[in-house]
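# Coordinate analysis (summary)
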Amino acid sequence: MAPENAFKGILTGLPKASGGEFGKYYSLPALNDPRIDKLPYSIRILLESAIRNCDNFQVTKEDVEKIIDWENTSPKQVEIPFKPARVLLQDFTGVPAVVDLACMRDAMNKLGSDSNKINPLVPVDLVVDHSVQVDVARSENAVQANMELEFQRNKERFAFLKWGSTAFRNMLVVPPGSGIVHQVNLEYLGRVVFNADGLLYPDSVVGTDSHTTMIDGLGVAGWGVGGIEAEAAMLGQPMSMVLPGVVGFKLTGKLRNGVTATDLVLTVTQMLRKHGVVGKFVEFYGDGMAELSLADRATIANMSPEYGATMGFFPVDRVTLQYLKLTGRSDETVSLIEAYLRANKMFVDHNEPQQERVYSSYLELDLVDVEPCVSGPKRPHDRVTLKEMKVDWHSCLDNKVGFKGFAVPKEAQDKVATFSFHGQPAELKHGSVVIAAITSCTNTSNPSVMLGAALVAKKACELGLEVKPWIKTSLAPGSGVVTKYLLQSGLQKYLDQQGFHIVGYGCTTCIGNSGEIDESVASAITENDIVAAAVLSGNRNFEGRVHPLTRANYLASPPLVVAYALAGTVDIDFEKEPIGAGKDGKSVYFKDIWPSTEEIAEVVQSSVLPKMFKSTYEAITKGNSMWNDLSVPANTLYSWDAESTYIHEPPYFKSMTMDPPGAHGVKDAYCLLNFGDSITTDHISPAGSIHKDSPAAKYLVERGVDRKDFNSYGSRRGNDEVMARGTFANIRLVNKLLNGEVGPKTIHVPTGEKLSVFDAAMKYKTANQDTIILAGAEYGSGSSRDWAAKGPMLLGVKAVIAKSFERIHRSNLVGMGIIPLCFKPGEDADTLGLTGHERYTIDLPSNIDEIRPGQDITVTTNTGKSFICTARFDTEVELAYFNHGGILPYAIRNLIKQ
């Protein structure tokens, strides 16, 4: 029998204006506690969840009090449980999640328990969106051609996901070709308020992609977690989190004419990165909110991972309600949402006096100060204003190799590489654009910037400008709605004329699915050592992510993507230099093709219509003929195919027993890799193409897979054999053990051999030798990639010692039983004189009761060095996971006991 809720006394009916009631809800005002009125809106959502789930076991009355007393408790790093209303997956992370659930069923079965206990207990929305490889571009048939290739490559994965949608309860799968997960979440899946059998509560979501935060723009509390944590949440486990501080970000004024939401988000990203918001919520407020459309808010919320926050939250107001109506939510649904949020003090009415809320710290931005800008060439928070772009580019050529440097000798900076592009004379220089992509949920959900890009293309066509044919241009809308309004506006034809044909609906260039560039272009780059550029409307531009041959990658608004494609280079001052010559031979400048804010607003008003959203999403779950033709077995236990190179049973539970393995230290471990700062999850577990000389490629070739069918690492995340070999396989990896050499290699310390990381790791494992990793600051930044923790675990890595960790990645390491340790402030491997050639012993108690969150741990080496680290088990629950060998064994043992 379910335990009684400790707060049943505040369960209140929500009346309808027409009579009767919408349902019952846990009323925050009924607590009569004045502290609640001062809480940030984002914290009120955590409070409601704790009250609704308070069973005095998983969630206690003490937990509720901690949240109510947030002003005093949040600086103390107190731990609270959180149960999200639902879980969001995309296919790159959805496949391994379903693989793990299938494995857990097998494990339950082998341990003599009911395997059908393994079912999601909260709604799971899985959007198949990450498989769109831009193989065919600049073609009217690109969508169909890429979709057919997508199904040829991924048929096995898609069939597996379709099986999962029938084998597991509470799981909705949105078929491929529908759009990008976060745009579909914003336009369709986001409930804002749930009505579950008459119980009303706020929508909240954790997702296995870090940009789940986009939904925060809709007033839904959501953020990215590792796939491992998400799986536990699906199974009803509360997420343990530190009660976050909340940064209040006040917006005033209005954006200047011609300045885009992308310019704003890149400015906000830089400001918040500088302020320091890791592990915190950011909540936006102020008079400037009224000037921001919902799509603009979603753009800012989307890039929370880039500025480091857990959330960038916009409370629900009139703008939110208008967007819900625009996107096809029913009048009754919108009425329920408004009534519930007003009654529970979660709605912002800008026409009423605002109760002063308390924040942990404060920032302010006058929107009039935002300037047109891009970010790059290697990090999202390295913002460059357009007027400074040319000077900054030349500094990057001069600077030593780093985040803002390529170390191109002065005498080589003006090099021109001439080549023949399908019989046409062509040339490349440093800074030449070879990829220009309108892509990514960050921007494709925003009609203003999408239609702005189309207006740039129109003006360029009318003036006689044309994008060079060797630039790989593409347009990947986040949902079918974008196509409808581009056609309604009559502007799609101009994008087509400039080569920005629609290539598919899903994640493309931003995730590394840019496809191959023409061989002649690739040869010109490699043979002449050209620093080629990609310009994309994405949120990530880490080196090696977009394409192996584009060393410079700039994030820009969709209109700027078109402008840079027309210019053909990032080495340009748009204020002073012409973009090109028009049909009359006259110079055409940036100002000649740039639309005004009013022009864009007029087109948005006449072209973006509610019926477009309704017709798109009415058909979304019906799929397409290719999806519907996939046949899947009806059994609830999966039949593993040992020959499959896509879906493979991982070894996580092979030797599992009912007794937890217990806590453990590390003795005489070798250093597998020695890193500096900002090692991203793209370095640890690439999502992009599989290099022909890599261990993963060798594995696939040995199993009869042709190189053309390698697909990407992301698409093969359901196969642990491929993913273990792909761990640390990024071609731009910088490992200090290699003394300056770049690439996915390391030194096998006992023999001094230089080997691939995988081969070295297997050599250590064969000899029963543990390994650790040394790292600098921000280890694991970037996408919330569970394979960046699973892979190292399968390689035998027992601990990572870093200056600091990215939030989700640290949690993922704990979830896979890897010990995360932090050097003390002011210390790192270099200051301690560690080379990585030592052997390391980590003195961790074997009794879990003797370990505390944040405890000091001594690390010693065989060379006589000794230093103190902080054990980054941040909560008692994380220690329990470690004791069980990871979060999934913990969940299985708990389910068996129930």
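So, here is what we can say about the structure in this document. (Residues numbered from 1 in each chain as written. Predicted model: local features only at pLDDT ≥ 70, side-chain atom pairs only at ≥ 80, totals over all residues. Heavy atoms only, no water.)

The helix and strand tally for the protein chain stands at 31 helices and 34 strands. What you see for the protein chain is a C-alpha radius of gyration of 27 Å, in line with the 29 Å of a compact globule of 898 residues. Considering only C-alpha atoms, the protein chain reaches an extent of 80 × 80 × 55 Å along its principal axes. Taking all 898 residues of the protein chain together, 64% fall into the buried category. Within the protein chain, contacts between residues separated by at least 24 positions form 76% of all contacts whose residues are at least 6 apart in sequence. Accessible area for the protein chain stands at about 31,900 Å²; split by element, carbon and sulfur atoms hold 48% of it. (Helix = DSSP H or I, 4+ residues; strand = E, 2+ residues; numbered from the N terminus. Rg over C-alpha atoms; globule rule 2.2 N^0.38 Å. Buried < 20%, exposed > 50% of the residue type's maximum accessible area, 1.4 Å probe, protein only. Contact = heavy atoms within 4.5 Å. Areas by Shrake-Rupley, 256 points an atom, 1.4 Å probe, with all protein chains shown as cover.)

Next up on the list: the packing of aromatic side chains. If you walk through the whole model with that rule in mind, you get 31 aromatic pairs. When the ring of Phe-194 is compared with that of Tyr-201, the centres are 5.3 Å apart and the planes differ by 5°; the resulting orientation is stacked. Looking at Phe-194, the relative accessible area reads 8%, which means it is buried. A connected cluster of aromatic rings, assembled from ring pairs, spans Phe-160, Trp-163, Phe-168, Tyr-638 and Trp-640. Lying over the aromatic face of Phe-403, Arg-379 brings its terminal NZ or CZ to 3.9 Å of the ring centre. The ring of Tyr-646 has Arg-716 lying over it, and the distance from NZ or CZ to the ring centre is 3.9 Å. (Phe/Tyr/Trp six-rings, centres within 6.5 Å; stacked < 30°, edge-to-face > 60°. Lys NZ or Arg CZ within 6 Å of the ring centre and 35° of its normal.)

Where helix H11 (residues 318–326) contacts helix H12 (residues 331–343), the axes come no closer than 9 Å and their chain directions differ by 160°. Of the possible angle classes, the one that applies to H11 and H12 is roughly antiparallel. At the point where H11 passes H12, the crossing takes the right-handed sense. Side by side, H11 and H12 meet where Arg-318, Leu-321, Leu-324 and Lys-325 of the first sit next to Asp-331, Val-334, Ile-337, Glu-338 and Arg-342 of the second. Considered class by class, the residues forming the contact of H11 with H12 number four nonpolar, no polar and five charged. (Axes fitted to C-alpha atoms, helices over the stretch in contact; angles between N-to-C directions. Parallel < 35°, antiparallel > 145°, perpendicular 65-115°, else oblique. Left-handed = near helix turned anticlockwise from the far one by under 90°. Nonpolar A, V, L, I, M, F, W, Y, C, P; charged D, E, K, R; others polar.)

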